[in-house]
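Here are the chains, one letter per residue:
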Amino acid sequence: MMKRFVVAVAVLAGVCSAASNGFAQERNRVDVRYFHGTFRCVSCNRIEQYTRDALKERFAAELASGVLRFAEVNLEEKGNEHYINDYKLYTKSVVLSLVVNGKEVRYKNLDKVWHLLRDKKGFYDYMETETRKFLAEAQGGS
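Analysis parameters
Residues numbered from 1 in each chain as written. Predicted model: local features only at pLDDT ≥ 70, side-chain atom pairs only at ≥ 80, totals over all residues. Heavy atoms only, no water. Helix = DSSP H or I, 4+ residues; strand = E, 2+ residues; numbered from the N terminus. Expected span 1.5 Å × (residues − 1). Buried < 20%, exposed > 50% of the residue type's maximum accessible area, 1.4 Å probe, protein only. Salt bridge = Lys/Arg side-chain N within 4 Å of Asp/Glu carboxyl O. Arc of directions from axis to C-beta. Contact = heavy atoms within 4.5 Å. Polar contact = N/O pair within 3.5 Å; in protein donor to acceptor, adjacent residues only side chain to side chain. Pairing = 2+ DSSP bridges. Axes fitted to C-alpha atoms, helices over the stretch in contact; angles between N-to-C directions. Phe/Tyr/Trp six-rings, centres within 6.5 Å; stacked < 30°, edge-to-face > 60°. Lys NZ or Arg CZ within 6 Å of the ring centre and 35° of its normal.

### Remarks on helix H5 (residues 120–138)
Here H5 spans 27 Å end to end across 19 residues, near enough to the 27 Å set by a 1.5 Å rise per residue. Of the positions making up H5, those classed as buried are Gly122, Phe123, Tyr124, Tyr126, Met127, Glu130, Thr131, Phe134, Leu135 and Ala138. Gly140 sits one or two positions beyond H5 and adopts a positive phi of about 100°.

The following block contains the structure:
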């Protein structure tokens, strides 16, 4: 019993040491963010809902594993203003962000979401197509 305890402590110490020395790399992922203001119209709420639903329906496993993450961001809240310049935002937007080794390497503003507000299937298909491209890159494909 004592021998198992010593081995477990040694393994744990090695894992902690690797992480503290920078050897543990952050997992590659895709972040999906819906950017909005405090006031939201019916169309803005629909974009957020369609985005959430499309991701849940078509990427449940990726969301559960953390390789795909979703967040809604109010641009009017203190500290979020930088996103306007970071992503060249001019209206409410859905942005995909490819994160490799903890750093964003590419992003895309999904500007067609506004044109697909009355086409739920088209919206979902667009989200799926663009998100799969980013996921392929996150998983080492191109």
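After presenting the structure, the write-up continues.
### Here we look at the pattern of salt bridges
All told, the structure shown has 13 salt bridges when counted by the stated rule. Across the pair Arg52 and Glu48 runs a salt bridge whose closest N-O atoms are separated by 3.0 Å. Taken together, the residues Arg52 and Glu48, both in helix H2 (residues 42–58) and 4 residues apart, mark about one turn of the helix. By relative accessible area, which is 10% here, Glu48 ends up buried.

### Some points on H2
Relative to the 24 Å expected for 17 residues at 1.5 Å per residue, H2 spans 24 Å between its end C-alpha atoms, a close match to the ideal helical length. Taken together, the buried positions of H2 are Cys44, Ile47, Glu48, Tyr50, Thr51, Ala54, Leu55 and Arg58. The buried residues of H2 all sit within an arc of 165° when viewed along its axis, so they share a single face. Across from the buried face of H2, at angles greater than 90 degrees, the exposed residues are Val42, Lys56 and Glu57. Next to the buried residues of H2 lie strand S1 (29–36), helix H3 (60–65), strand S2 (68–74), strand S3 (93–100) and H5.

### Description of the environment of Glu76
Here Glu76 shows up in the loop between S2 and helix H4 (82–86). Each C-alpha atom of the pair Glu76 and Phe39 lies 9.6 Å from the other, and the pair is 37 residues apart in sequence. Those residues in contact with Glu76 that lie beyond four places of it in its chain are His36, Gly37 and Thr38. One polar contact links Glu76 to Thr38, side chain to side chain, over a distance of 3.1 Å.

### Things to note about the sheet that holds strand S4 (residues 103–109)
On the basis of which strands lie adjacent, the open sheet formed by 4 strands has the order S2-S1-S3-S4 and mixed pairing. Each having just a single partner strand, S2 and S4 make up the two edges of the open sheet. Pairs of neighbouring strands in the sheet enclose a mean axial angle of 25°, with direction left out of account. Bridge count between S3 and S4: 6 bridges; the pairing is antiparallel. Note on S4: the bridge partner recorded for Leu96 is Lys108. Strands in contact with H2 are S1, S2 and S3; relative to S2, the strand with the most contacts, it is inclined by about 165°. In this fold H5 packs onto S1, S2, S3 and S4, with an angle of close to 15° to the strand it touches most, S3.

### With respect to the packing of aromatic side chains
In this structure the tally under the stated criterion is 6 aromatic pairs. Pairing Tyr83 with Tyr87 gives two aromatic rings, centres 6.0 Å apart and planes at 10°, and the pair type is stacked. For the ring pair Tyr87 and Tyr107, a centre distance of 4.7 Å and an interplane angle of 70° mean the geometry is edge-to-face. Here Tyr107 lies in strand S4 and Tyr87 lies in the loop between H4 and S3, a separation of 20 residues in the sequence. Judged by its relative accessible area of 5%, Tyr87 is buried. On the basis of relative accessible area, Tyr107 is assigned to the partly exposed category, the value being 28%. Among the aromatic residues, ring-to-ring pairing joins Phe35, Tyr83, Tyr87 and Tyr107 into one connected group. Over the aromatic face of Phe134 sits the side chain of Arg106, whose NZ or CZ is 4.0 Å from the ring centroid.

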